[in-house]
Amino acid sequence: MVSRKILKSHPVSVLKKEISKTNIKGYSKMKKPELIDLMTKPEHADRFAHIEMAPSRAEKKAQKEKDAKSQKEGDDFLKREEARMQKEEAAKKKEMQSLLAKPPPKKKGKEVKKAKKVTSFTVTKADGSKKEVKTGRVKRRAEEKKAKKLSAEDESKKLLKSMLKEQRAELAKLKKNKASKELIKQKTLISDTIKAGIKAGFID
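Residues numbered from 1 in each chain as written. Predicted model: local features only at pLDDT ≥ 70, side-chain atom pairs only at ≥ 80, totals over all residues. Heavy atoms only, no water.

A count of helices and strands for the protein gives 7 helices and 2 strands. Mapped in sequence order, the helices and strands of the protein form the string α-α-α-α-α-β-β-α-α. A sequence separation of at least 24 residues applies to 49% of the contacts in the protein between residues at least 6 apart. In the form shown here, the protein has an accessible surface area of approximately 17800 Å², with 55% of it arising from carbon and sulfur atoms. (Helix = DSSP H or I, 4+ residues; strand = E, 2+ residues; numbered from the N terminus. Contact = heavy atoms within 4.5 Å. Areas by Shrake-Rupley, 256 points an atom, 1.4 Å probe, with all protein chains shown as cover.)

Here it is, written out as structure tokens:
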């Protein structure tokens, strides 16, 4: 059962709000003492048994201070976390900028030498005469190889072809005359050797 002391601890607005939850009528113009009398009547008292003593001013002040302290601690914690996150973000950004500023590592491998600028080179023909050939920017090694190839073709390739032709003719004649297998084998080996020399571009 609710007591008058408990009801007195609450303001008029709270008392009227509690009465509005019931089917009691005619309380809107009542003052606080009248409201307390109405609520403590035996036929109504059980309806307000759930109402508890309101906190005193001192208790309200203490609770308010406690809430303010909790709020301040929460705000301080959030500020510290925000500062920590900003510091970490700045460190990561600095590290990323440092990595981007470094040149990429050089790949290990053979160094590619730049081609030297060759303006001309000399080619020796089969008759012994020399010819100067002008060229642009090419590799010296490629030009020397080209010159050697031209010289080899002029001096030996024709000879090889002529020798191969002669050997093939002799081999055909031996086969026609049914010469010994050993002689045919020797001529065949010579022909194959000459043929390989033509393919390679030189005479063994």
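Next comes the rest of the write-up.
Moving on: the nonpolar core. Counting residues in hydrophobic clusters, the biggest one holds 13 residues, and the most contacted among them are Leu7, Leu15, Ile19, Met39, Phe48 and Ile51. Looking at this core, the elements that each hand over two or more residues are helix H1 (4–8), helix H2 (12–20) and helix H3 (32–39). If one sorts the elements of this core by residue count, H3 sits on top with 4 residues. Apart from the residues lying within four places of it in its own chain, the contact partners of Met39 are Val2, Leu7, Leu15, Glu18, Ile19, His44, Ala45, Phe48 and Ile51. (Core = buried A, V, L, I, M, F, W, Y, C linked by side-chain atoms within 4.5 Å. Buried < 20%, exposed > 50% of the residue type's maximum accessible area, 1.4 Å probe, protein only.)

The subject of this paragraph is the pattern of salt bridges. Scanning all chains against the criterion turns up 5 salt bridges. For the salt bridge of Asp76 with Lys72, the shortest nitrogen-to-oxygen distance reads 3.2 Å. Of the two residues, Asp76 and Lys72 both sit in helix H5 (residues 57–101), 4 residues apart, roughly one turn of that helix. Assessed through its relative accessible area of 26%, Asp76 is described here as partly exposed. (Salt bridge = Lys/Arg side-chain N within 4 Å of Asp/Glu carboxyl O.)

A word on the side chain of His10. Within the secondary structure, His10 sits in the loop between H1 and H2. Of the polar contacts made by the side chain of His10, one reaches the backbone oxygen of Glu52; its length is 2.6 Å. Once residues within four sequence positions are removed from consideration, His10 is found in contact with Leu15, Lys32, Ile51, Glu52, Met53 and Ala54. (Polar contact = N/O pair within 3.5 Å; in protein donor to acceptor, adjacent residues only side chain to side chain.)

An α-helix turns once per 3.6 residues; consequently, residues spaced three or four apart project the same way. Burial in H2 covers these residues: Leu15, Glu18 and Ile19. The buried residues of H2 occupy one face: seen down the axis, they fall within an arc of 100°. Of the exposed residues in H2, those oriented more than 90 degrees away from the buried face are Ser13 and Lys17. Elements in contact with the buried residues of H2: H1 and H3. (Arc of directions from axis to C-beta.)

In this section: the packing of H2 against H3. Where H2 meets H3, the closest approach of the two axes is 10 Å, and the angle between their N-to-C directions is 35°. The way H2 lies across H3 gives a crossing that is left-handed. Along the contact surface, H2 presents Val12, Leu15, Lys16, Glu18 and Ile19, while H3 presents Lys32, Leu35, Ile36, Leu38 and Met39. A breakdown of the residues in the contact of H2 with H3 according to their chemical character gives 7 nonpolar, no polar and 3 charged. (Axes fitted to C-alpha atoms, helices over the stretch in contact; angles between N-to-C directions. Left-handed = near helix turned anticlockwise from the far one by under 90°. Nonpolar A, V, L, I, M, F, W, Y, C, P; charged D, E, K, R; others polar.)

Here His44 is to be found in helix H4 (residues 42–45). Each residue touching His44, except ones within four places of it in the same chain, is listed here: Ile24, Leu38 and Met39.

This paragraph deals with H3. Turning to H3, its buried residues number three or more, namely Leu35, Ile36, Leu38 and Met39. The arc enclosing the buried residues of H3, seen along the axis, measures out at 160°, which places them on a common side. In this structure, the buried side of H3 is in contact with H1, H2 and H4.

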